[in-house]
Amino acid sequence: MKTRCDGIKDLLIEYIEGELSSGDARAVEEHLDECENCAAECAALRRTYMLLRDDGYAEPSPFFWTRFNARIRARRREASAFGAGRWGALAPRLAPVMAAVVCFGIGMWLGLRPGPEPAGYPAAPLRVTGMGRGTPLAASPTAVLPVVSARSKYLVDSGAIEPSFTPAADTLRPETFDPFGGEARMRLATFEREAYRMPETERLPGEPRAGE
Amino acid sequence: MSQDVRGETGTRAGRDPEGLVKRLKAGDERAYEELVTEYRERVYRVAWRVLRDDDAAEDAAQEAFIRVFRHIDRFEGRSSIYTWIYRITVNIALNKLKRDRFRRMVPLGDIVHRDRRASSNPARLAISSEVAERIDAAVQTLPEKQRAVFVLKFYEELSHAEIAEVLGCSEGTSKANYFHAIRKMRKQLEDLR
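Here we summarise the structure given alongside this text. (Residues numbered from 1 in each chain as written. Chains lettered and ligands numbered in written order. Predicted model: local features only at pLDDT ≥ 70, side-chain atom pairs only at ≥ 80, totals over all residues.)

### Observations regarding the overall build of chain A
Helix and strand content of chain A: 7 helices and 2 strands. Looking at chain A as a whole, 17% of its 212 residues are labelled buried. Long-range contacts, defined here as pairs at least 24 residues apart, represent 64% of the contacts in chain A between residues at least 6 apart. (Helix = DSSP H or I, 4+ residues; strand = E, 2+ residues; numbered from the N terminus. Buried ≥ 20, exposed ≤ 12 C-beta atoms within 10 Å, placed from the backbone. Contact = placed C-beta atoms within 7 Å.)

This is the structure in structure tokens:
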């Protein structure tokens, strides 16, 4: 349990620094008058404060400041020279490195880009009448297939991709949608490609996960 | 030149810090010189008291100004310019401390001895060595955050609200760190009379 002395000792630093309210300061003083232990602690703290004031820091000479300003000017010049001239001079040496980085990046992209949409995405309630991904148009002109997955629908709805084929309601109605139109097939293919190219790692906030 | 901790030194830069920032952003060359002249003593002092080493402090102070110049466009004026400069200086000094971890592996007495002999500041060499060396050693034992709070409060006389802004912590954290630091110093120096 905290004693009265503990409470006073907690206030001593603020008391010495004059940061206590006048009421608290008076209470501390009254306690110090009657408690030798706390008075000794307060005296030791005051002594520490006095010692710390002379901690070895010495104001540098005016010559130091002249040199200090000059060095900052030089460092600034150096920094801007690096930004312009030196960068230009370094560019030829860095070019092969940059080329290697670009090649590596392209390789990584080719290696890591997503393949077909992973299994597990539920079919969206939205369905296209007449065609399916990978389904020859002529083979199933009237079949109802889950062409638009939850993921591709989400990507379109959220504006993350700009498909050349938007499965708007009217185009999905069997009576207005011509499954045999070459243009429609091309646009749908583009849309699907874009939707599936979006890697899973670039999942958008709130986007449903596969299988959800 | 009279000077308080906020930087009002009576110079143009000290009287009009907002104007100074505007001129810096506009690329006014004279504004750079004014900024350095206005704040160099405080920046160097803080760096020295965190690092307790002349050369490291000079390097940290110069780096702080270079960083201020480089990033002045990012300064949005939500805090005062001196708070921002303090923040940059303290961060640089604390990073230097972290990088120089090996210093902590060397016996403290050796560090103090080496630093003092290596000091390029004659006035510093003349200061009572025993007390200063003991303070050096005591400050070296403070964890980084306590050290920063201690320097900013005890020597720079910033309020805990200002320190909280500089260090990105709460006022309560600043107070707690300060009290711990003072009590540690009191213990470490109690045998000095």
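### Topic: the environment of Glu-17 of chain A
With respect to the helices, strands and loops of the structure, Glu-17 of chain A is situated in the loop between helix H1 (4-16) and helix H2 (22-34). Considering only alpha carbons, one finds Glu-17 of chain A and Arg-46 of chain A, 29 residues apart in sequence, at a separation of 9.6 Å.

### Comments concerning helix H5 (residues 81-99) of chain B
Residues and elements named next belong to chain B. Across its 19 residues, H5 extends 27 Å between first and last C-alpha, which sits within 8% of the 27 Å expected from 1.5 Å per residue. Listed as buried for H5 are Ile-81, Tyr-82, Trp-84, Ile-85, Tyr-86, Ile-88, Thr-89, Val-90, Ile-92, Ala-93 and Leu-97. Taken together, the buried residues of H5 touch helix H2 (17-25), helix H3 (29-51), helix H4 (54-71), helix H10 (144-155) and helix H11 (160-167). (Expected span 1.5 Å × (residues − 1).)

### Some remarks on the packing of H3 of chain B against H5 of chain B
Axes are the key here: two packed helices are described by the angle between their axes and the distance separating the axes. Residue and element names in this part refer to chain B. Remark: H3 packs on H5, axes separated minimally by 9 Å, with the N-to-C direction vectors making an angle of 30°. The pairing of H3 with H5 is recorded here as roughly parallel in orientation. Of the two possible hands of crossing, H3 and H5 adopt the one that is right-handed. The segment H3 lies against H5, with Tyr-39, Val-43, Val-46, Ala-47, Val-50 and Leu-51 engaging Tyr-82, Ile-85, Tyr-86, Thr-89, Val-90, Ala-93, Leu-94, Lys-96 and Leu-97. (Axes fitted to C-alpha atoms, helices over the stretch in contact; angles between N-to-C directions. Parallel < 35°, antiparallel > 145°, perpendicular 65-115°, else oblique. Left-handed = near helix turned anticlockwise from the far one by under 90°.)

### Some words on the interface of chain A and chain B
How big an interface is tends to be reported as the loss of accessible area on association of its parts. Chain A puts 21 residues into the contact, and the matching count from chain B is 28 residues. If you tally residues by element for the side of chain A that touches chain B, the top one is helix H4 (residues 62-112) of chain A, at 8 residues. Considered class by class, the residues forming the side of chain A that touches chain B number 12 nonpolar, 3 polar and 6 charged. (Nonpolar A, V, L, I, M, F, W, Y, C, P; charged D, E, K, R; others polar.)

### With respect to the nonpolar core
Residue and element names in this part refer to chain B. Core analysis: the biggest nonpolar cluster contains 61 residues, and Val-43, Ala-47, Val-50, Ala-64 and Ile-85 have the highest contact counts within it. The biggest single contributor to this core is H3, with 12 residues. Those residues in contact with Val-43, other than ones at most four positions away along the chain, are Ala-61, Ala-64, Phe-65, Ile-85 and Thr-89. (Core = buried A, V, L, I, M, F, W, Y, C linked by C-beta atoms within 7 Å.)

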